[in-house]
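Chain by chain, the residues:
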Amino acid sequence: MNATAPSRSGAPRPGTTPVGLGGPQPVLDVVIPVYNEETDLERCIRRLRAHLAERAGYPYRITVADNASTDKTLAVAERLAREFPEVTVRHLDEKGRGRALRTVWSASDAAVLAYMDVDLSTDLAALDPLVAPLLSGHSDVAIGSRLARGARVVRGPKREFISRCYNLILRGTLAAKFSDAQCGFKAIRADVARALLPHVRDTGWFFDTELLVLAQRAGLRIHEVPVDWVDDLDSSVDLIATATADLKGIARVTRATLTGEIPVHRLREQLGREPIGVEAAGVSPSLVKQLVRFAAVGVASTVAYLLLFLLLRTMAGAQAANFTALLVTAIANTAVNRRVTFGVRGRAGAGRHQFEGLIVFGLGLALTSGSLFLLNHTTHPGLVLETVVLVLANLAATVLRFLLLRGWVFNPRRAAAEEPS
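Not measured: the values here are computed from a predicted model.

Caption draft 1: Region of the structure containing the sheet that holds strand S1 (residues 28-34). Taken in spatial order, the seven strands of this open sheet run S3-S2-S1-S4-S7-S5-S8, and their pairing is mixed. Looking along the sheet, the strands with just one partner apiece sit at the ends: strand S3 (87-92) and strand S8 (222-226). Between one strand axis and the next, the sheet turns through 20 degrees on average, direction left out of account. In this sheet, S8 lies alongside strand S5 (residues 141-145) in parallel orientation, the contact comprising five bridges. For Val-141, the partnering residue across the bridge sits in S8 and is Ile-222. Along the sheet, helix H1 (residues 41-55) contacts S1, strand S2 (60-67), S3 and strand S4 (112-116); its crossing angle with S2, the most-contacted strand, is approximately 165 degrees. The strands that helix H3 (residues 97-107) touches are S1, S2, S3, S4 and strand S7 (185-189); relative to S1, the one it contacts most, it runs at about 155 degrees.

Printed below as a string of structure tokens:
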């Protein structure tokens, strides 16, 4: 098995080739975004530089990104840059951590880009394991996590509660799989960042979350490092304002994903890691996952169908109630399976998928309606028997739906053949 994942053109995908450590250019660029941090900045830079000088076996750079500070932060940064050749300064006229990171990362010539908060709440012992998987090509993005198993954290109950609630919201709204979005200790491959940064809109604290969600949906590997983290009691972050901005960011990213404004499908093709190529005899690599996801969607669809049928049955005949309940749940079922089971995102082909899904619905309707017809013409069933027969017929229709969706509607070979060359 190859160590790198090839793209369709045959070239290695961004993020998968090992980084050369012997060139003259910096391998690692650590950005420290600051706003009015004249007190803590010098201590941070001296400690970080001493750590890198001792531990890094490759060229590195420390970049102070001054976000329109109004105190002596810029003067302190420039003095440190004159003292240490590895330290550089970038001044921005506008505030915003996301703006600072995008500006510095976009212009950096380093192979791996990182950032950490100036208070150094995260123990620098985690820096090597944060960067190592990116240097090797094992991972595309790396994050420090205060919520991962093995992390040691000292902070008050208020921040602990807010942090856990925020990450729970991310899982519920954006299906985030990473454990800690807001820990100020992250790194990314520069070749991957160049593809993702143009699609990250936030300029403030939500920048981290938006970047991670986009990376996850593009099929990138996100490496998590449990960290030792001690809360900075003097932090000037406005928790209420930050939380409000984050909620607005979640709504914006959700909307952009649904409308196709974020080209997730194209980014996944460009950056996503391919399956590892291990196959069991007679079993498609994705079959098991698809069956599990389809079964979950099918159970939800069956329950929704049954509840809707029972509700409509009190107002209409059995056939009309069955048709309406099946039509509504079939449209929803196709949309959910398109995204969850078969991993198709964006609006491309959505109309055809729904049309063909309705054909599949027609076959399911024929099966369930035929069952009702035979039942009512051979006996005089009560509501219970009628419901049992419909459930069984609907389960049979579900099996048929999976086979047709997988082999016809969302067949990957068919989708690839339809794409322009």
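Caption draft 2: A look at the packing of aromatic side chains. Scanning the model with the defined rule gives five aromatic pairs in all. Feature note: the residues Trp-105, Tyr-115 and Phe-207 constitute an aromatic cluster, connected by ring pairs. Here Lys-95 stacks its cationic end above the ring of Tyr-35, 4.1 Å away from the centre of that ring. When the ring centre of Trp-229 is taken as origin, the NZ or CZ atom of Arg-146, which lies over that ring, is 4.8 Å away.

Caption draft 3: Quick peek at the nonpolar core. Core analysis: the largest hydrophobic core is formed by 41 residues, its most contacted members being Trp-105, Leu-170, Phe-178, Ile-188, Leu-196 and Leu-211. For this core, the element with the highest residue contribution is helix H7 (residues 207-217), accounting for six residues. Filtering out sequence-adjacent residues up to four positions away, Trp-105 remains in contact with Val-31, Leu-113, Ala-114, Tyr-115, Ile-188, Leu-197, Phe-207 and Leu-211. Ranked by size, the runner-up nonpolar core spans 40 residues in total, among them Ile-32, Val-64, Leu-124 and Phe-185.

Caption draft 4: Region of interest: the pairing of S3. Alignment of S2 against S3, held across six bridges, turns out to be parallel. The residue of S3 that forms the bridge with Ala-65 is Arg-90. Taken together, S2, helix H2 (residues 73-83) and S3 constitute a β-α-β crossover, and its handedness is right-handed.

Caption draft 5: Highlighting the side chain of Arg-61. The topology assignment puts Arg-61 in strand S2. Side chain to side chain, Arg-61 and Asp-109 meet in a polar contact 2.8 Å long. Beyond its immediate chain neighbours, meaning those up to four positions away, Arg-61 contacts Pro-26, Leu-28, Asp-29, Val-30, Glu-86, Thr-88, Ser-108 and Asp-109.

Caption draft 6: Structural context of unusual backbone geometry. The residue Ala-68 is not glycine, and still its phi comes out positive at about 60 degrees. Residue position: Ala-68 is located in the loop between S2 and H2. Positive phi, normally seen in glycine, also occurs at Leu-120, with a value near 50 degrees. Summarising the element assignment, Leu-120 is placed in the loop between S4 and helix H4 (127-136).

Caption draft 7: Region of interest: the pairing of S1. Taken across its seven residues, S1 has seven buried, putting it largely inside the fold. The side-chain alternation of S1 yields two buried faces, one formed by Leu-28, Val-30, Ile-32 and Val-34 and the other by Asp-29, Val-31 and Pro-33. Where S1 lies against S2, seven bridges are found, and the strand directions are parallel. Residue pairing across strands places Val-31 opposite Thr-63, the latter belonging to S2. A crossover links S1 with its parallel partner S2, the connecting element being H1, and its sense is right-handed. Two elements, S1 and S4, share four bridges in a ladder whose sense is parallel. Each residue of the ladder has a partner; that of Leu-28, found in S4, is Val-112.

Caption draft 8: Expanded view of the pattern of salt bridges. Considering all chains together, one arrives at 21 salt bridges under this definition. A salt bridge links Arg-46 to Glu-83; its shortest N-O distance comes to 2.8 Å. Residue Arg-46 is located in helix H1, and its partner Glu-83 is located in helix H2; the two are separated by 37 residues in the primary sequence. What makes Arg-46 partly exposed here is its relative accessible area of 33%. Classification of Glu-83 as partly exposed rests on a relative accessible area of 39%. Note that Arg-61 is salt-bridged to Asp-109, the shortest N-O span being 2.8 Å. A residue pair is termed long-range when its members are at least 10 positions apart, and Arg-61 in strand S2 and Asp-109 in the loop between H3 and S4 qualify at 48 residues.

Conventions and cut-offs
- Residues numbered from 1 in each chain as written.
- Predicted model: local features only at pLDDT ≥ 70, side-chain atom pairs only at ≥ 80, totals over all residues.
- Heavy atoms only, no water.
- Pairing = 2+ DSSP bridges.
- Helix = DSSP H or I, 4+ residues; strand = E, 2+ residues; numbered from the N terminus.
- Axes fitted to C-alpha atoms, helices over the stretch in contact; angles between N-to-C directions.
- Contact = heavy atoms within 4.5 Å.
- Phe/Tyr/Trp six-rings, centres within 6.5 Å; stacked < 30°, edge-to-face > 60°.
- Lys NZ or Arg CZ within 6 Å of the ring centre and 35° of its normal.
- Core = buried A, V, L, I, M, F, W, Y, C linked by side-chain atoms within 4.5 Å.
- Buried < 20%, exposed > 50% of the residue type's maximum accessible area, 1.4 Å probe, protein only.
- Right-handed = clockwise from strand over helix to strand, strands pointing away.
- Polar contact = N/O pair within 3.5 Å; in protein donor to acceptor, adjacent residues only side chain to side chain.
- Salt bridge = Lys/Arg side-chain N within 4 Å of Asp/Glu carboxyl O.

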